Amino acid sequence: DEYVTTEVLDEERRTGSGFNEGVHLALGRKGWIMPSWPAERGGAALDPVRLHLLELAMRRAGVPTVTMSTTKLVVKAVEKYAEPELAAELLPSVAAGSVRFCLGYTEPDGGSDIAAAKVRAVRDGDEWVINGSKIFTTGAQNCQYTFLITRTDPELPKHRGLTMFLVPLASPGVEIQAIRTYGGERTNIVYYSDVRI
């Protein structure tokens, strides 16, 4: 009641962004972004029953959760595959709410067929150079990173030669352009022009 106010609900109806920073940061302070994590990791150590009750309460209150949902999807990959130093840097900030992730999968020509990815990542010394565009990158305007699927070897069959990158959206060469769905939701086209990571 304190954070999911009439203004927050009106903003969500107007913008369709699935995110409110004040609410998100308040959830982080309670340990409710990653509520099953232990307190020392920034969570609330909720058991499955309490987690379910929290989810029901958030749904009933109308908490905008799109960005939180995409973040939680990417967190699993960061926990499992990221370099330990990177995971140690990002995961506490995810739990606090100050770092958020979106999904960079869909392309203008390929739709949901992620194996048809054409966004290219080419090795240049110690860096990768990324070029191309993604569409329907929901929440990019609210996130610090996108979990981006790229084609790194065009010679292999389309379901191979793909690499995922966690790309900082503040990188030079990244441009986010808003688009609206027929339902009034906000999503984005994200352009990558010689983005070096």
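The structure presented is a predicted model; accordingly, all values stated were derived computationally and were not measured.

**Points about the overall build of the protein chain**
- In terms of regular secondary structure, the protein chain is built from 5 helices and 7 strands.
- Start at the N end of the protein chain and walk to the C end: the helices and strands fall as α-α-α-α-α-β-β-β-β-β-β-β.
- Across the 197 residues in the protein chain, those meeting the buried criterion constitute 41%.
- For the protein chain, the computed accessible surface area is about 10900 Å², with 54% contributed by carbon and sulfur atoms.
- Averaging the positions of the 22 positive and the 25 negative side-chain charges in the protein chain gives two centres separated by 5 Å.

**Digging into the nonpolar core**
- Ranked by internal contacts, the top residues of the largest apolar core, which has 26 residues, are Leu27, Met34, Val75 and Phe101.
- Apart from residues lying up to four places away in sequence, methionine 34 is in contact with Gly43, Ala44, Lys72, Val75, Val94 and Ala95.
- Membership of the second largest hydrophobic core comes to 14 residues, among which are Ala121, Val167, Leu169 and Tyr192.

**Let's talk about the packing of aromatic side chains**
- By the definition in use, this model includes 2 aromatic pairs.
- Between phenylalanine 101 and tyrosine 145, the ring centres sit 5.9 Å apart and the planes meet at 65 degrees, which makes this aromatic pair edge-to-face. Of the two residues, phenylalanine 101 sits in strand 1 (residues 101-104) while tyrosine 145 sits in strand 4 (residues 145-151), which places them 44 residues apart along the sequence. Like phenylalanine 101, the residue tyrosine 145 is buried in the burial classification.

**As for the pairing of strand 1**
- What you see with strand 1 is no split at all: Phe101 and Leu103 on one side and Cys102 and Gly104 on the other are buried throughout.
- Note that strand 1 and strand 4 share 4 bridges and pair parallel. The partner of cysteine 102 across the bridge, within strand 4, is threonine 146.

**Some points on the packing of helix 4 (residues 66-81) against helix 5 (residues 84-96)**
- At a minimum axis separation of 11 Å, helix 4 and helix 5 run at an interaxial angle of 155 degrees. Compared by their axis directions, helix 4 and helix 5 come out roughly antiparallel. By crossing handedness, the relation of helix 4 to helix 5 is classed as left-handed. Seen from helix 4, the contacting residues are Thr71, Val75, Val78 and Glu79; seen from helix 5, they are Ala87, Leu91 and Val94.
- Each residue belonging to the contact of helix 4 with helix 5 can be placed in one class, and the counts come to 5 nonpolar, 1 polar and 1 charged.

The rules behind these values
Residues numbered from 1 in each chain as written. Predicted model: local features only at pLDDT ≥ 70, side-chain atom pairs only at ≥ 80, totals over all residues. Heavy atoms only, no water. Helix = DSSP H or I, 4+ residues; strand = E, 2+ residues; numbered from the N terminus. Buried < 20%, exposed > 50% of the residue type's maximum accessible area, 1.4 Å probe, protein only. Areas by Shrake-Rupley, 256 points an atom, 1.4 Å probe, with all protein chains shown as cover. Lys, Arg positive; Asp, Glu negative; His and termini not counted. Charge placed at Lys NZ, Arg CZ, Asp CG, Glu CD. Core = buried A, V, L, I, M, F, W, Y, C linked by side-chain atoms within 4.5 Å. Contact = heavy atoms within 4.5 Å. Phe/Tyr/Trp six-rings, centres within 6.5 Å; stacked < 30°, edge-to-face > 60°. Pairing = 2+ DSSP bridges. Axes fitted to C-alpha atoms, helices over the stretch in contact; angles between N-to-C directions. Parallel < 35°, antiparallel > 145°, perpendicular 65-115°, else oblique. Left-handed = near helix turned anticlockwise from the far one by under 90°. Nonpolar A, V, L, I, M, F, W, Y, C, P; charged D, E, K, R; others polar.

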